[in-house]
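What follows is the residue order along each chain.
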Protein chains: 2
Amino acid sequence: MGEKLGRQSFCFANPPAIVTVANIVGPMEGQGPLGSQFDWVMDDLLFGEQTWERAESKMLRESAKLALRKINWQPQEVDYFLAGDLLNQITSANFAARGLEVPFLGLFGACSTLAESIIVGSMLIDGGFAGRVLLACSSHHNTAERQFRFPLEQGVQRPPFAQWTVTGSGAAALAAKSAGPVITMGTVGKVVDLGISDPNNMGAAMAPAAADTLISHFQDTGTDPSSYDLILTGDLGAVGSAALKDLMEKQGFQLGGKYNDCGLLIYDLKKQDVHAGGSGCGCSAAVFTASVFKQVQEGKYRKVLLAATGALMSPTSSQQGETIPCIAHAVVVESAALG
Amino acid sequence: MGEKLGRQSFCFANPPAIVTVANIVGPMEGQGPLGSQFDWVMDDLLFGEQTWERAESKMLRESAKLALRKINWQPQEVDYFLAGDLLNQITSANFAARGLEVPFLGLFGACSTLAESIIVGSMLIDGGFAGRVLLACSSHHNTAERQFRFPLEQGVQRPPFAQWTVTGSGAAALAAKSAGPVITMGTVGKVVDLGISDPNNMGAAMAPAAADTLISHFQDTGTDPSSYDLILTGDLGAVGSAALKDLMEKQGFQLGGKYNDCGLLIYDLKKQDVHAGGSGCGCSAAVFTASVFKQVQEGKYRKVLLAATGALMSPTSSQQGETIPCIAHAVVVESAALG
């Protein structure tokens, strides 16, 4: 059984464990600072498929299947598959689910989908509805770019504050009463929109949503930045991360040296041509599953607050002059020794 | 606390109640057989907005707010808002959530979103994570048609088996230990794809998913068609409903006179030019909230099995030659006297 904490947060009677994780990334992510830590680096962006969209769905599916293989779970032993991605009608997730034969719940939180799926999956487990949950999310630079912005062939120049959509997928297997880092708390975000309408400037658009969720989390749970070994946002990039630190400081919260952003970790911003850093569902999914999870497992981090951020616009809403509604969902992952 | 039943189904220790519902529909739905039962019939498809997309988001938001007003709940008393729709990146839901200031979880199940949101909402309540959940979903004929098929101005002729996307939204307020019809069981669908690739023929594409979920439901829960006063699918329309009855009969299940489909109920198929009937998230949402819910409330139906169906393709996946993955999620709604 769960328990509500304050307005937006919750904790678990029996914190579900993250039993294992898996990930697949593109060549560029493989050349980044975390390159050696990914399970599978694709040779090219097509991954043996005819289209980038099929490649993305295959990434999502194969990372989910790889997670199952690592712990020798059969799909028929999984109670629910939770997944989402950035594509219209979350087709990467839908087509991946087609091959799995597991009861499926589709989620859309844009780039916050990893945290959203961890939240819902943990709730289903602690609520008694599932023993085992598999979750996955993905993004692909080329599918996102041509869907949200311009045809790649057009070679449009990107502004310096633009971020680079990560080609990557991450999956995690959650279970009740199992070994592994545990999910102890979480905070579900509200939609926040401070009026930014440039879909190239998502870091700045998402920073207020991240601040809103982090502050709610600290207030609801009686924690503060010093309670965590690492506070990690999903894909604010260089511009959004700086904005978040400012916003938090104005509200009396010093994130300090404990703070980092997956969009800054996945690429070498000095050497790789990614402008303000990484973005996309695959950004937090790949960084969390390849690097952060292992460090929690090894006890290097005992308590991590992951706040994945999502920009909830569509190309149509942007063309119609709408500003960008944003959200951030947060989860606390602790090493098992504390669980 | 929940309990799993078989492979795909579940029941609740304390069945959550549907405290109230609300809905808004377009002019054509207002002229249909259920016209007098809707809360709000729009004068035109723009609903006072500049674009159909804004009109759809307003429908979703206003039906959610209307549900709250009916029972005098304030948004700040609602623990979670769950919503989804058919538009790319579920913008109708995202923009509606922006105005509500309630912790938000975005869902995507295409036209199965009503059932998906009832399932997740009920699980959050019975799992102890929420006392009160607000859910809503929508579709709009003109936004869907131009997103999924052709510009309306083009006047493309529709094949006789095509369905008409309902302009409608439905919302429901769920709560623990409250008066009202209760949600007692549910079945989460698997993605089923039997190889239909024509996005005009969604009823036929979705029928196998509906059959799969209904059969799983009967097997998992030890029920059969005779256990229910009404078995209702979401939007199979004339073609899909006939296909479903055939498929079920071949598996030994006679749906008989207890079976109906929201896509057949919302329009007068003889008088209104809708070809094979209604479709869209708004189809089951409007029919369930305007008609079925009230009949459960009044005790006319004591036990209803609602299986909402969703076609999970995108225009891109169809153009790339993919077949249509489909899903159906089912919930059992019982009159309070039995709860």
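Here the residue index of a chain counts from 1 through its sequence in written order. A letter from A marks each chain and a number from 1 marks each ligand, given out in the order of writing. With the structure being a predicted model, the display of local features is reserved for residues of pLDDT at least 70 and the display and counting of side-chain atom pairs for 80 or more, all residues being used for whole-chain, interface and lining totals. Only hydrogens and water are removed before side-chain values are computed, so all heavy atoms of the structure are retained for them.

Draft legend 1. Layout of the packing of helix α2 (residues 52-70) of chain B against helix α3 (residues 91-98) of chain B. Residues and elements named next belong to chain B. Helix axes are fitted to C-alpha atoms over the stretch in contact, other axes to C-alpha atoms as well, and angles between N-to-C directions run from 0 to 180 degrees. The way it works is that DSSP assigns letters per residue, a run of H or I at least four long becomes a helix, a run of E at least two long becomes a strand, and they are numbered from the N terminus. Running from N to C, α2 and α3 point in directions that differ by 55°, and their axes come no closer than 8 Å. Between α2 and α3, the crossing angle belongs to the class labelled oblique. Here the hand of the crossing between α2 and α3 comes out right-handed. Packed against α2, whose contacting residues are E56, S57, L60 and R61, the element α3 presents T91, S92, A93, F95 and A96 at the interface. Gly is put with the polar residues, along with every residue not named as nonpolar or charged; the nonpolar set is Ala, Val, Leu, Ile, Met, Phe, Trp, Tyr, Cys and Pro, and the charged set is Asp, Glu, Lys and Arg. Class assignment for the residues of the contact of α2 with α3 results in four nonpolar, three polar and two charged. Working rule for angles: under 35 degrees goes down as roughly parallel, over 145 as roughly antiparallel, 65 to 115 as roughly perpendicular, anything else as oblique. Each crossing gets its handedness from the near helix: less than a right angle anticlockwise from the far helix is left-handed, clockwise is right-handed. Note on contacts: a residue pair is in contact if any heavy atoms of the two residues lie within 4.5 Å.

Draft legend 2. Representation of the relation of the copies chain A and chain B in the model. Overlay of chain A on chain B (RMSD 0.0 Å): rotation 180°, translation along the axis 0.0 Å. The symmetry that links the two subunits is that of a two-fold axis. Judged by C-alpha distance, G127 of chain A is the residue of chain A that lies nearest the rotation axis, at 1.9 Å. In this assembly the copies share their binding face: 100% of the residues contributing to the interface of chain A also contribute to that of chain B. Alignment of the copies relies on least squares applied to C-alpha atoms, considering only residues that score at least 70 for pLDDT in both.

Draft legend 3. Geometry of the packing of α2 of chain B against helix α5 (residues 141-148) of chain B. All names here are of chain B. The N-to-C vectors of α2 and α5 enclose an angle of 130°; their axes lie 8 Å apart at closest approach. By the angle class used here, α2 and α5 are oblique. When you trace α2 past α5, the crossing you get is left-handed. Along the contact surface, α2 presents W52, E53 and E56, while α5 presents N142, T143 and R146. Its residues placed into classes, the contact of α2 with α5 shows one nonpolar, two polar and three charged.

Draft legend 4. Layout of helix α7 (residues 237-250) of chain B. Residues and elements named next belong to chain B. Expected helix span is computed as 1.5 Å times (number of residues minus one). The end-to-end C-alpha distance of α7 is 20 Å, a good match for the 20 Å that 14 residues give at a rise of 1.5 Å each. Among the residues making up α7, those that are buried are G237, G240, S241, L244 and M248. The arc that holds every buried residue of α7, seen down its axis, measures 100°, which confines them to one face. Against the buried residues of α7 lie α6 (202-221), β11 (230-233), β12 (259-261) and α8 (262-265). The cut-offs for exposure are 20% and 50% of the maximum accessible area for each residue type, with area from a 1.4 Å probe on protein chains only; residues under the lower value are buried, those over the upper are exposed, and the others partly exposed. Each C-beta atom gives one direction from the helix axis, and the arc is the one those directions make.

Draft legend 5. Region of the structure containing the environment of V296 of chain A. All names here are of chain A. With respect to the element layout, V296 can be found in helix α9 (residues 281-297). When the C-alpha atoms of V296 and H275 are compared, they prove to be 29 Å apart, with 21 residues separating the residues in sequence. Excluding residues within four positions of it along the chain, V296 makes contact with P181, Y301, V304, V333, E334 and S335.

Draft legend 6. Spatial organisation of helix α4 (residues 113-126) of chain B. Residue and element names in this part refer to chain B. Helix length check: α4, at 14 residues, gives a terminal C-alpha distance of 20 Å against a target of 20 Å (1.5 Å per residue), a fit within 8%. In terms of burial, α4 is largely enclosed, as 14 of its 14 residues are buried. Two residues or fewer after α4 comes G128, characterised by a positive phi angle close to 90°.

Draft legend 7. Quick peek at the interface of chain A and chain B. If you look at the interface, chain A gives 64 residues, while chain B gives 64 residues. When two parts are put together, the accessible area they lose, computed with a 1.4 Å probe and summed over both, is reported as buried area. Buried surface at the junction of chain A and chain B, summed over both partners, amounts to about 5200 Å²; 59% is from carbon and sulfur atoms. When the buried area of chain A at its contact with chain B is split by residue, R7, Q89 and F129 of chain A rank highest and sum to 15% of it. Salt bridge, as applied in this entry: a Lys or Arg side-chain nitrogen positioned within 4 Å of an Asp or Glu carboxyl oxygen. Connecting chain A to chain B are eight salt bridges. Measuring nitrogen to oxygen at the nearest pair gives 2.5 Å for the salt bridge that ties R98 of chain A to D193 of chain B. Pairs of N or O atoms are called polar contacts if they sit within 3.5 Å, as long as, within protein, a hydrogen donor faces a hydrogen acceptor (for residues adjacent in sequence, only side-chain-to-side-chain pairs). At the boundary of chain A and chain B, one finds 34 residue pairs in polar contact (both at pLDDT 80 or more). Here the side of chain A that touches chain B is built from residues that sort into 30 nonpolar, 20 polar and 14 charged.

Draft legend 8. Representation of unusual backbone geometry. Of note in the backbone geometry, H275 of chain A takes a positive phi value of approximately 55° without being a glycine. Counting through the fold element by element, H275 of chain A comes out in the loop between α8 (262-265) and β13 (278-279). The backbone phi angle of I90 of chain B is positive, close to 35°, even though this residue is not glycine. Relative to the helices and strands, I90 of chain B is located in the loop between β5 (80-85) and α3. Note on I90 of chain B: relative accessible area 2%, which makes it buried.

Draft legend 9. Broad picture of the packing of aromatic side chains. All names here are of chain B. Any two rings among Phe, Tyr and Trp, with Trp reduced to its six-membered ring, count as a pair given centres within 6.5 Å; such a pair is stacked if its planes are under 30 degrees apart, edge-to-face if over 60, and tilted if neither. Taken as a whole, this structure holds 16 aromatic pairs over all chains when the rule is applied. Measuring from centroid to centroid gives 5.8 Å for F81 and F104, while their planes differ by 35°, and the two rings are tilted. In this pair, F81 is assigned in strand β5 and F104 in strand β6 (residues 104-106), connecting sequence segments 23 residues apart. Given the relative accessible area of 0%, F81 is considered buried. Taking relative accessible area as the criterion, F104 reaches 1% and is therefore assigned buried. With centroids separated by 5.3 Å and ring planes inclined at 25°, the aromatic side chains of F218 and F253 adopt a geometry described as stacked. On the criterion of sequence distance, the pair formed by F218 in helix α6 and F253 in the loop between α7 and β12 is long-range, its members being 35 residues apart. Since its relative accessible area comes to 3%, F218 is described here as buried.

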